[in-house]
Amino acid sequence: MRRTATLVLAFALLLAFGLVGCAPAATPTATPTTGPTATLGPPTEIVMMYPTFAGPQPDILLVQDAVNKLSVPAKNITVKFLAYSMGDYMQQASLLFAGGDQLDLFLTLPFGSVQFQGMVSNNQCADITDLVAQYGANMTKAIKDVYPNGMAGTTVNGKLYGMSPLNDVNSFLWLYMAKAPLEKYGLDLHNVKNLADLEAVVKTIYDGEKKAVLGSNGLGSGVLVSNGTWINFDDFSTNLTTEFFGSASWTYGGIIKADSTTVENPYASDYFKKYVEITRQWYLNGWIDKEAAADQTTTGSDKIKAGKMMGAMSYGEYGFDNEANAEARSGVAQQIIKIADTAVSTGRFQKFVWVVPAVSQHQDVAIQFLDWMFTSKEWNDLINYGIKDKHYLVNADGTFKLPDGIDFTNNPYSNAATFFFGNQFLSGVMAPEAPDLRDKVLELDKKAVASQFLGYTFDGTSVMNEIAAVNNKVTEYYLSLTCGNVDPATALPKFLQELDDSGYATIIAENQKQLDAWLASKK
Amino acid sequence: MGTAPATRTMPLAKRMRRWFSPLDLMCIPAVVYLLFNNYIPMYGLVIAFKKIDFSKGLYGGPWVGLKNFVYLFKTPDAWLMTRNTILYNLAFILIMNFLGVAVGIILSEILAKRATKVYQTTILLPQLISIIIVANLVYGFLSLSSGVVNKTILPMLGLEAIDFYSSPVYWPFILTGVNIWGGIGYASLLYYASIIGIDRELYDAAYVDGASKFRQIRYITMPMLKPTVVMLVIMAVGRIFSSNFGLFYQVPMNSGPLIKVTQTIDTYVFRGLMQNNNIPMSSAAGAYQSVVGLVTVLLANYFVRLIDRDSALM
Amino acid sequence: MQRRLHRTFSPGQIALHLVMIGFMLAALVPFLLMIMSSFTDEDILLKYGYTLFPSKFSLYAYYYLFVADAVTILRSYAVTLGVTASGTMLSLLLTPMMGYALSRKDYRKRGVLTFYIFFTMLFNGGLVPQYLMYTQILHIKNTFAALIVPNLLISAFSILLMKSYFVLNIHPALIEAAKMDGGGEFYIFFRIVMPLSTPILATMGLMTGIGYWNDWMNGLYYISNAKFFSLQVLLNRILANLSFLRQYGNELGFNIPLPSTAIRMAMATIGSVPILVLYPFFQKYFVKGISLGGVKG
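Residues numbered from 1 in each chain as written. Chains lettered and ligands numbered in written order. Predicted model: local features only at pLDDT ≥ 70, side-chain atom pairs only at ≥ 80, totals over all residues. Heavy atoms only, no water.

Student: Looking at this structure, how should I read the overall build of chain B?
Tutor: Regarding its fold elements, chain B presents 14 helices and 0 strands. Going from the N terminus to the C terminus, chain B shows its helices and strands as α-α-α-α-α-α-α-α-α-α-α-α-α-α. Within chain B, the proportion of its 314 residues that are buried is 58%. Restricting to contacts in chain B with at least 6 residues of sequence separation, those with at least 24 account for 62%. When the accessible surface of chain B is summed, it comes to about 14,300 Å², and 68% of that surface belongs to carbon and sulfur atoms. (Helix = DSSP H or I, 4+ residues; strand = E, 2+ residues; numbered from the N terminus. Buried < 20%, exposed > 50% of the residue type's maximum accessible area, 1.4 Å probe, protein only. Contact = heavy atoms within 4.5 Å. Areas by Shrake-Rupley, 256 points an atom, 1.4 Å probe, with all protein chains shown as cover.)

Student: How should I be thinking about the sheet that holds strand E1 (residues 44-52) of chain A in this particular structure?
Tutor: Hydrogen bonding along the main chain pairs the strands of a sheet, whether they run parallel or antiparallel. Residues and elements named next belong to chain A. The mixed open sheet is built from 4 strands, whose spatial order is E2-E1-E3-E9. The open sheet has two free edges, formed respectively by strand E2 (77-85) and strand E9 (354-355), since each of these has just one partner strand. Relative to E9, strand E3 (residues 105-107) runs antiparallel, the two sharing 2 bridges. Pairing of Phe106 across the sheet is with Val355, part of E9. In the packing of helix H13 (residues 363-373) onto the sheet, the strands contacted are E1, E2, E3 and E9, and the crossing angle to E1 comes to about 55°. (Pairing = 2+ DSSP bridges. Axes fitted to C-alpha atoms, helices over the stretch in contact; angles between N-to-C directions.)

Student: What is the right way to look at the pattern of salt bridges in this model?
Tutor: As a working rule, side chains carrying opposite charge can pair if their charged atoms are close by. Residue and element names in this part refer to chain A. Inspection of every chain in the model, using the stated rule, returns 16 salt bridges over all chains. Linking Asp207 and Lys203 is a salt bridge whose minimum nitrogen-to-oxygen distance equals 2.9 Å. A residue pair is termed a helical-turn pair when its members lie 3 or 4 positions apart in one helix, as Asp207 and Lys203 do in helix H8 (residues 195-209) at 4 residues. The exposure class assigned to Asp207 is partly exposed, which follows from its relative accessible area of 39%. (Salt bridge = Lys/Arg side-chain N within 4 Å of Asp/Glu carboxyl O.)

Student: Hey, could you run me through the interface of chain B and chain C in this one?
Tutor: The interface of chain B with chain C comprises 92 residues on the first partner and 99 residues on the second. Carbon and sulfur atoms make up 75% of the area that chain B and chain C hide from each other, which totals about 8,500 Å². Per-residue buried area on chain B facing chain C is highest for Met26(B), Leu111(B) and Leu128(B); these three make up 9% of the total on that side. At the boundary of chain B with chain C, the tally comes to 1 salt bridge. In this structure, the salt-bridge partner of Asp24(B) is Lys109(C), at a minimum N-O distance of 2.5 Å. Remark: the boundary between chain B and chain C carries 20 residue pairs in polar contact (both at pLDDT 80 or more). If one sorts the elements of the side of chain B that touches chain C by residue count, helix H2 (residues 22-42) of chain B sits on top with 19 residues. When grouped by side-chain class, the residues that make up the side of chain B that touches chain C number 64 nonpolar, 21 polar and 7 charged. (Buried area = accessible area lost by both parts, 1.4 Å probe. Polar contact = N/O pair within 3.5 Å; in protein donor to acceptor, adjacent residues only side chain to side chain. Nonpolar A, V, L, I, M, F, W, Y, C, P; charged D, E, K, R; others polar.)

Nothing here speaks to function; it is geometry throughout.
What follows is the structure in structure tokens.
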């Protein structure tokens, strides 16, 4: 009797263990139930993965259901979101790829083309040339209407491997400064047209305040030299022509002269040398925030509020110089001027790319869904702002606003990444931006200058180790040089020497070889 | 349940018991668990000998023999991570055991036993805190914009602020410091326990003979501790190819410029898999660590066995 | 006695105390700093950095965590508590069971099984295969079990530790006597062996519990649904985002709102306070565990 009872108990334990170990298998990832679409058969479910910048999004499943209510009638597709914060996005993506889990649409990150190019050379992306021709007429048209050559950026060796979301391609460099010190000394930033003007402003304020005037906006930017765009310091209203092939750290070298096709080492250029030397001088004068290089995570406006600096340059989209908006957003009254435009390069279209992983079983469906993403306004508003009247409200003029007591950090759903999810020009605008912002931008983008190298993609597979080594060197030196912390007279030659030792010349030579081949094939 | 059904099932129970005793049943959960958690994944070592083809699944690629290893050992990474792992471990072993013995002796010499207890309890505390929180604490000291060192200590000394998270030179010391901070309580307690176990009569005899405190420590405590020290050192040397992942990954906040001094085999394996999309190198490094680690652990165990059978693992 | 008293306050003794007080402060000050920073006004933090004696206090971080963003924190707290409690209990049931079987000299399979256990300490297949195992075969991704089962539930080390405890402390005669009285194996285990082993069970429960409380790796690998984020996983994500910004911020081109420094410290505080508060009560088991056989935390 007792033994039988023991056995039973033991089996019960075993079962309990078994439940813990295996029960979850019985509750697999829930398929959202959707409305009846009898004529088409059951909808196909695809899984899409993208990064988020907001915190956890507790309401994401509500939004997913709302999306599916639209996508089933439209395309007979249901979608499952995998949204990860940017910090573990790459890690989660690696696990998914390694695990072979279902994944049909994937947005590449980190920004910059490294990830997209890496995935293409690892055979992780499906060749979608034919699928897009078959199912992607709408998105092809949407892109070509704005950027006639836009899809060339994601084409490698004649094959299309991804679709860059349609978004504001123009990114400008701006200079912002707190209004208070400017007014105190009777200065107006809008009169600043070149470096000499800027120097005069900075000097006047410094002489009066004896405090650092310029700093870094954070996010890896220097004080004068910018990694993406070379400012024409002689005249802020014109541009210098450069092409860095999508690498923000200039890892593949760059074309730094107008009408040239020679890949050079940008760090060895006169431009770089001249402006890090000026930066150094300004630093020694005390004009530059001593912590500019080191503190890259505090936002510029917080640095202004903490009294560490009074202004910095910043990337920004069209409309960044709306000074009233800037004040409302940051709490700092400021003046803003544009100091450079950017040309449209290949890298711009590889910054983040929707790719279909090679392992996907639903590549055709994924393209159909992607096509819908480029054409549906409801989709773009839902994914970016959540459910209307719940996560956002609509003003009389058509702009959106957050409900009372809700801000970006505690909204149960918010993505605020309109440039990710298909067609930015279809998505609503959050007040206090102007209601016609998207139209203005669109107009401007249609006029954007395309780089003559658009469509060329550098394949770094054969120089992987050199790329990693060079990136490490750049991380080590770039900020301290461009924020003035080190003396370029000694540090710059050392940096260049170490770049050489890391095989920078090998990368540049490989890039030149591929570029020449591409140019030859284009003729 | 009545008696009658029980008697009816007796023969079955008996038959079952022949090849399935209750003791077997007790083992089953753990055996099954280890099968899934440890044994089946061991098969994954084959990945190190394959080329990865994502479109065919992880195990689906073609065999490439030792090519991944050859490639791994051609990169400077292999040498770097091996060197770091071994040097850090050596430093940790030396300093930790030295300090552990010292603190153990101090604790045993303190006469106020209540105070001893308080000290013991407090210095053990860091051991219990998750490495994530430890990383936050370290950040509180070293952060350039708000850390105590840069905001309070260095300005008081009239020194320039230091950007620790991009200055590799400091990190061997910082990591050693954090490791000792976390582990000293544990190490000293081990030695304290052995010292307490030493026969008091030895000390009493020495005291009667007029031996000073220092002589007692030198000629009684130290020799009596020697076997424990030797044992712990050998065991630690056996694990010289593995490292505390959290310490080397979380505490430096995964900072790129520090990689040269923070990369150990464990962090390399993790980064290869999770960040660099480099599964072949990651699994080759993992396999390398497993095999070399197995050899050193077995060697260490062999030596431990020579000294004291009971302390050996098997 | 007189002499003893005298010696207690001798210069030598005082020196020893001073050294230990130094060690004690080194252990405590970081925690104090963490707690004080979490109560510091954010503007003061930006200006003067973390400090032990802030010039202006603020409860904003806690207001943010427990009122403004209460759902996130309270839920992750519940997850951490639930995982710690259930994981520890399950582990305390399964580990001693096997340890006990292996401790029985009359158990024929003990040699084979002990080696089976031991071998897992020598060799492991690595992260990727284990991940495949749990996600492709057992499908535990985004379940409560994912936080409990992988790696933490049963360790070879604790089984062997239990085994040697039973060998040393449970006399075979005791088991024989119980068998004579007609006690089955499970009866003997649960009613006789377990009650006699409370010290080691307390120690092991403690170590396992702390392991669960502090775990972030399982959360990193197997959890993507915010519903199952534990406290440590939340903190880890914030750290990961910070380091992402350091590395890739320049390619991003816009700012991302991150929890402020005070909020980070407040989260770290509420993540460690339960341990800090409970520790004095359970420290004797911990100390005992270390002297028992080198329990590694």
